[in-house]
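Residues per chain, in single letters:
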Amino acid sequence: EGKARSCRANMEVLIHLYQKLSKVESQSNGLAGFKAALAHFAFETLRELDSSSAESPTAPPSVRHVNSLVRIFPWFGLEAVQMLLGLNVAPSTPLAVACLAGKKVQSALVSEYARRPIATLRELLQQLPPTALHDSDYGTLSPQDKLRRILEEAIHRVDQTPYVFPPPQSETVSASLMVMETPKEVLAVVRRQPYTLHMSKNGDVDLLCHGASTRKANCNTVLAAIKQDPAMMLGSIESYPLAFFAVEQCPGAYNYLSEDFKMDRQVLYVALAHDFALRQEFVNTASKTEIQQWRWHVDEQQRKRKQ
């Protein structure tokens, strides 16, 4: 009691609040002031990253924590993202260097913006003044020009593999016409409209989008699409069976799942069993209690297999 929360705990609070509030934002017009306060809190948390990583006796934030926090900033708005891109941080620890280097932040923001409809991205781009520094190195650009380049790259990512949908058919159209057979088709659909991915009862994957036709693909096709663009595909997963399948089959997939899945202990444990790099990160950054709980789970699974 009376002790300040650790940097890691602050990040977890921010991530959790974002996950909850972003789902109800369209139903409320009173979040602007609260979002501004959260943005200020997020900046302060990032500024504390170096000192907390080097000096805190508690578990420091992981790369996953910091990347997830960076990906919240588009929700705060264009001004907050520009402030992030101009944040005066001189990383002095391996964690800060890994997460806050210019290209790392740029990549995380491009991936996050690329999850939005292309029309929304173009509207955001129109809110920024044009730049004459198209050929300049990213590191020498102003925060505003960096943001413009990030939005342009996100638009390019969304629009780079256009897919021509078949003309409207009658209501009796064969279901086979709705089955996508290549990763390119799957990626094009997910990039152009806000489809979500769900594992069906027969083991295939259903792609659902309000106001659009349901699309289908088999698991191997979806898996190939995940490997080509993990940020876009994994962020669209909304079913636990598919999340489990992804982390079993694709090392590194856990880092791109939505925070709801990342906060689920069972998803984490399945990922740890199949991802050596994630396991090393977990052992080095998790608290003693978290590690003990995971080891107890591993022992329990081994006992069950022996029975």
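All values derive from a computational prediction rather than experimental measurement.

(A) Fine view of the sheet that holds strand β3 (residues 205–208). Taken in spatial order, the 4 strands of this open sheet run β1-β4-β3-β2, and their pairing is mixed. On the outer flanks of this sheet lie β1 (179–180) and β2 (196–199), each paired with one strand and no other. With 2 bridges connecting them, β1 and strand β4 (residues 215–217) associate as parallel partners. Residue pairing in the sheet places V179 in a bridge with K216 of β4. Along the sheet, helix α14 (residues 240–249) contacts β2 and β3; its crossing angle with β2, the most-contacted strand, is approximately 90°.

(B) How the structure looks around the packing of aromatic side chains. A full pass over the atoms with the stated rule returns 7 aromatic pairs. Look at W75 and F76: their rings are 5.7 Å apart centre to centre, the planes differ by 45°, and that puts the pair in the tilted class. Summarising the burial analysis for this pair, W75 and F76 share the class buried. An angle of 45° between the planes, with centres 6.2 Å apart, marks the rings of Y240 and F244 as tilted. Residue Y240 and its partner F244 are located together in helix α14, separated by 4 residues, close to a single helical turn. An aromatic cluster is built from Y18, F43, F73, W75 and F76, whose rings are joined through pairwise contacts. Across the ring face of W75, the terminal group of K35 is positioned such that the distance to the ring centre comes to 4.7 Å.

(C) Spatial organisation of the pairing of β2. Judged from the 4 bridges that link them, β2 and β3 form a sheet pairing that is antiparallel. Looking at β3, one finds that L197 is bridged to L207. Here β2 folds back onto β3 in antiparallel fashion, the turn holding 5 residues, of which G203 has a positive phi close to 95°.

(D) Region of interest: the pattern of salt bridges. Inspection of every chain in the model, using the stated rule, returns 5 salt bridges. Where D229 meets R191, a salt bridge forms, and the shortest distance between an N and an O atom there is 2.9 Å. In this pair, D229 is assigned in the loop between α12 (219–228) and α13 (230–234) and R191 in helix α11 (residues 183–192), connecting sequence segments 38 residues apart. Taken individually, D229 and R191 each receive the classification buried, so the pair is uniform in this respect.

So, how was this worked out
- Within each chain, residue numbers correspond to sequence positions counted from 1 in written order.
- Only residues with pLDDT of 70 or above have their local features reported here, since the model is predicted, and side-chain atom pairs are shown and tallied only from 80 upward, although totals for entire chains, interfaces and linings are computed over all residues.
- Side-chain figures throughout are based on the complete set of non-hydrogen atoms in the structure, without hydrogens or water.
- Note on pairing: two strands pair once DSSP finds at least 2 bridges between them.
- In this description a helix means any DSSP run of H or I spanning at least four residues, a strand means any run of E spanning at least two, and both kinds are numbered starting from the N terminus.
- Note on contacts: a residue pair is in contact if any heavy atoms of the two residues lie within 4.5 Å.
- In this description, a line fitted to the C-alpha atoms serves as the axis of each element, helices being fitted only across the stretch in contact, and the angle between N-to-C directions of two axes falls anywhere from 0 to 180 degrees.
- Here the aromatic set is Phe, Tyr and Trp, taking the six-membered ring for Trp, and pairing holds for ring centres within 6.5 Å; pairs whose planes are under 30 degrees apart are stacked, those over 60 apart are edge-to-face, and all others are tilted.
- Burial here depends on accessible area, computed with a 1.4 Å probe over protein chains only, as a share of the maximum for the residue type. Under 20% is buried, over 50% is exposed, and the range in between is partly exposed.
- Over a ring means this: the NZ of a Lys or the CZ of an Arg is within 6 Å of the ring centre and within 35 degrees of the ring normal.
- Just to be clear on terms, a salt bridge is a Lys or Arg side-chain nitrogen sitting within 4 Å of an Asp or Glu carboxyl oxygen.

It is worth stressing that arrangement in space is one thing and function is another; only the former is reported here.
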